[in-house]
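Residue-level structure breakdown
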Amino acid sequence: MYDLVVEDATIVSGWEPRRVADICVEHGRIVHVGDGASGAARARVSAAGKLVMPGVIDGHVHFRSPGHPHKEDWASGSRAAASGGVTTVLDMPNTNPPTLTRMEWEQKRALAAEHSRVNFGIWVGASAGRNDAINELMDSGDACGIKVFMGASTGPLLVDDDTLVRLFEQTRGLIGVHAEEESVLEVLRTRCSSVEAPNHNVVRPPVAATIAVRRLIELVEAHLRPVHICHLSTEAESDLVEAARGVDRRRLPITTEICPHHLYLSADLPAAFGRPLENGATTASGNWIKVNPPIRDDADRRAMWSAVQRQRIDTIGSDHAPHTMAEKALPYWSAPSGIPGVETTLPLLLTAVRQGRITLERVVQLCCEEPARVFGLKAKGAIREGHDADFVVLGEPDLRPLTSDDIVCRVAWSPFEGMPMVPKPDAVYVAGRLVASHGRIVDDDVRGSLTRPGA
Ligand SMILES: [Zn+2]
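For the structure given in this document, a descriptive report is provided here. Every value quoted in this text rests on a predicted model; they were computed, and no experiment measured them.

At 2.0 to 2.2 Å from the zinc ion lie its protein donor atoms, namely His60 (NE2), His62 (NE2) and Asp319 (OD). For the zinc ion, the single-chain donor residues occur in sequence as H-x1-H-x256-D. On the criterion of sequence distance, the pair formed by His62 in the loop between strand S6 (56-61) and helix H1 (74-83) and Asp319 in the loop between strand S14 (315-316) and helix H11 (325-328) is long-range, its members being 257 residues apart. Of the residues examined, His62 reaches a relative accessible area of 6% and is grouped as buried.

Encoded structure:
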C-alpha cells in the first residue's frame, strides 16, 4: 500500500519534457511515477494543474550550531529551509567547535538528527595536521566534502598554501573551496584600516578571488582532485574556470557554485530593497550585505547572470550565513560578514523564471540535479522511481513583495524584504511527508536524515 499518492502532478526535470503523472510514495521513497490510481493508498492529494519539482539541495548553509544558537540552530534553520522548498542542506564546518574530527562531526550529526526538519549532510573542515581525521570521515562516506577557507572568513579555519598542497596530496574526496587569497586581503585590510566605512568590495577586491582561483586550477591540474568552487562572484573567475575546463567541460574536475545574492545585489546600485532603516539605509545596503566574497559591482552581477544562462555555473547554493540585526548594525570593522538566504533561494529563482531570465528546467538543474551529481547524492535531485520522496509543489507565479512575516529563520531579516518575488511553494515534502505549505511549517514532527555521498 502506498503511503501517499500525489495525483496528476506536472513533473519538471532539467533535461526531460514535462509530463503529467502520479507520484507514488512508500516508506519515504518514490516507488512509482505514472498511473497510481489502481494502488491502495493511505493518502491522496491532487496536484492537478500544478508544477512539481524535486526538493532543492542547498550545498552551502551555516546553521551555526553547535556554538551560536542566537544566530540559528538546526530547528530554526531547517524550518526556514523547508519553508522555501529546500529539502536537503549541507552544513559548513565553521561552527563552535569547528567540525574537524570524528567527535565534532558526530556531535553535529546528533544535533541535526534530533532537530533538522530537512535532510542534511555535514562538511568536514580542513586545517593543518588533520588529514588523517579528514580521510577517516571521507572514506567512510560520512562527510559530504572537505571545506577549505583560502581566505579568512567567519571562524578560525584559514589554511595556508602548504596546508592546501598537503590536503590535495594526502586526502581523498570532494574539496569545496572558499577562494580568496589571504595575502591580498591582508594588504588591503591594513591599507583600508583608517577608513571608517570602506567599500567591502575594495577591502576584499575581485583580484583576491581571481588569484585564489588561478592557484586552485594549478592544484587541480597537478592532482586531478574534484574541486567545487563556492560562491563564484566575478566574471574573471568564471572565465578562468571556463578556460581550465575546456570545451567539453571535462578537462578538469572543477565545478562551481553561485549564490543568489551575487545575482540580485550589487555594490554600486542604490539599495532598492531590504527593510527600511534610519538614514535612508536598508538591509540591502552597507554592512547588512557585508558578505564574503563581497557583493560585487554591477558589471560582475550581470556577468554572473550571463554565466548562469550560458551553463557556466553548475550549482546554486545560498551560503545562508545569518547574523542578528544587532550584530549587523555594528560599525564596518566590527560587523560580521554573512547574510541569511536559505529560504529565499527558490523564490528568487522562480522570480527569474517568471521574468524570462531562465527556464524552470534550468532551475531544476542548478538547484537539484547538479548538486546531487556534484555531491554524489544518488537518490536525490530527481522525481524518479527509487529516489527519495523529497519534492516541491509550486504555486501561482504572481509576484508579491517579501515581508518580514514571510521570514522563518531565527534572525528574522532579509536583504530582499520588499522585493516583489514569487511566494514560497504551496507544498514541500520531505521523505513523503508534508513539512511546509505556503511558507508555513505544517508538521513540526518531521525529521530529515543524514544524506551521504554514494547513497
Ligand atoms: Zn559560506
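We are not done yet, so read on.
Looking now at the state of the cysteines. As enumerated under the stated definition, the model contains 0 disulfides in all. No disulfide involves Cys368; its sulfur sits 5.8 Å from the nearest other cysteine sulfur, which is in Cys367. Of all cysteine sulfurs, the one in Cys259 lies closest to Cys409, which takes part in no disulfide; the gap is 15 Å.

This part covers the layout of surface pockets. By volume, the largest pocket is sized at about 540 Å³. Here the residues of the lining of the largest pocket sort into 16 nonpolar, 9 polar and 3 charged. Here the second largest pocket defines a volume of roughly 430 Å³. Along its surface, the second largest pocket is lined by 21 residues, and Arg245, Thr255, Asp314, Glu370 and Arg373 are the ones closest to its centre. Only strand S12 (227-229), strand S13 (254-258) and helix H13 (360-374) provide two or more residues apiece to the lining of the second largest pocket. Take the lining of the second largest pocket: its biggest share by element is 5 residues, from H13. Class assignment of the residues belonging to the lining of the second largest pocket gives a composition of 9 nonpolar, 4 polar and 8 charged.

Right, let's get into the pairing of strand S19 (residues 433-437). The pairing of strand S18 (residues 427-430) with S19 spans 3 bridges and is antiparallel. Bridging across to S19, Val428 finds its partner in Ala436. The turn linking S18 back onto S19 is made up of 2 residues, and Ala431 within it adopts a positive phi angle of 50 degrees. Hairpin connection, S19 to strand S20 (residues 440-441): the antiparallel pair is bridged by 2 residues, and His438 has positive phi, about 50 degrees.

Let's shift gears to the pairing of strand S10 (residues 146-149). Of the two faces of S10, the one carrying Ile146 and Val148 and the one carrying Lys147 and Phe149 are both buried. Across 2 bridges, strand S9 (residues 124-125) lies against S10 in parallel orientation. Within S10, the residue paired with Val124 across the bridge is Ile146. Each parallel crossover has a hand, and for S9 linked through helix H3 (residues 131-139) to S10 it is right-handed. Note that S10 and strand S11 (residues 175-178) share 4 bridges and pair parallel. Its bridge partner being in S11, Ile146 is matched across the sheet by Ile175.

A few words on the nonpolar core. If you look at soluble globular proteins, the nonpolar side chains tend to sit buried side by side. Core analysis: the largest hydrophobic core is formed by 91 residues, its most contacted members being Met53, Val89, Val148 and Ile229. Ile11, Ile23, Ile30 and Val33 belong to the second largest nonpolar core, which has 17 residues in total.

Once that is clear, we can look at unusual backbone geometry. Cis geometry is adopted by the peptide bond preceding Pro97, which originates at Asn96 and carries an omega value of 0 degrees. For Pro97, the position within the fold is in the loop between strand S7 (86-91) and helix H2 (102-115). For the bond running from Asn292 to Pro293, omega is -10 degrees, close enough to zero to count as cis. Of note, Pro293 is situated in the loop between helix H9 (260-264) and helix H10 (298-309). A positive phi angle, near 65 degrees, is found at Gln311, a position not held by glycine. Locating Gln311 in the fold gives a position in the loop between H10 and S14. For Gln311, a relative accessible area of 34% translates into the label partly exposed. Of note, Ala412 is a non-glycine position whose phi angle comes to about 55 degrees, a positive value.

Now for the packing of helix H4 (residues 161-170) against helix H7 (residues 206-223). For the pair H4 and H7, interaxial distance at closest approach is 10 Å and the crossing angle is 30 degrees. By the angle between their axes, H4 is roughly parallel relative to H7. Note on packing geometry: the crossing formed by H4 with H7 is right-handed. The segment H4 lies against H7, with Asp161, Leu164, Val165, Phe168 and Glu169 engaging Arg215, Leu216, Leu219, Val220 and His223. Split into classes, the residues belonging to the contact of H4 with H7 amount to 6 nonpolar, 1 polar and 3 charged.

Reading the values: rules and limits
- Residues numbered from 1 in each chain as written.
- Predicted model: local features only at pLDDT ≥ 70, side-chain atom pairs only at ≥ 80, totals over all residues.
- Heavy atoms only, no water.
- Donors = N, O, S within 2.8 Å, 3.2 Å for Na, K, Ca; no water.
- Helix = DSSP H or I, 4+ residues; strand = E, 2+ residues; numbered from the N terminus.
- Buried < 20%, exposed > 50% of the residue type's maximum accessible area, 1.4 Å probe, protein only.
- Disulfide = S-S within 2.5 Å.
- 1 Å grid on protein atoms, 1.4 Å probe; cavity = no way out; pocket = protein on both sides within 12 Å on 5 of 7 lines; lining within 4 Å.
- Points joined across faces, edges and corners; volume = space filled by probe spheres on them.
- Nonpolar A, V, L, I, M, F, W, Y, C, P; charged D, E, K, R; others polar.
- Pairing = 2+ DSSP bridges.
- Right-handed = clockwise from strand over helix to strand, strands pointing away.
- Core = buried A, V, L, I, M, F, W, Y, C linked by side-chain atoms within 4.5 Å.
- Axes fitted to C-alpha atoms, helices over the stretch in contact; angles between N-to-C directions.
- Parallel < 35°, antiparallel > 145°, perpendicular 65-115°, else oblique.
- Left-handed = near helix turned anticlockwise from the far one by under 90°.
- Contact = heavy atoms within 4.5 Å.

No statement about biological role is implied by the geometric values presented.
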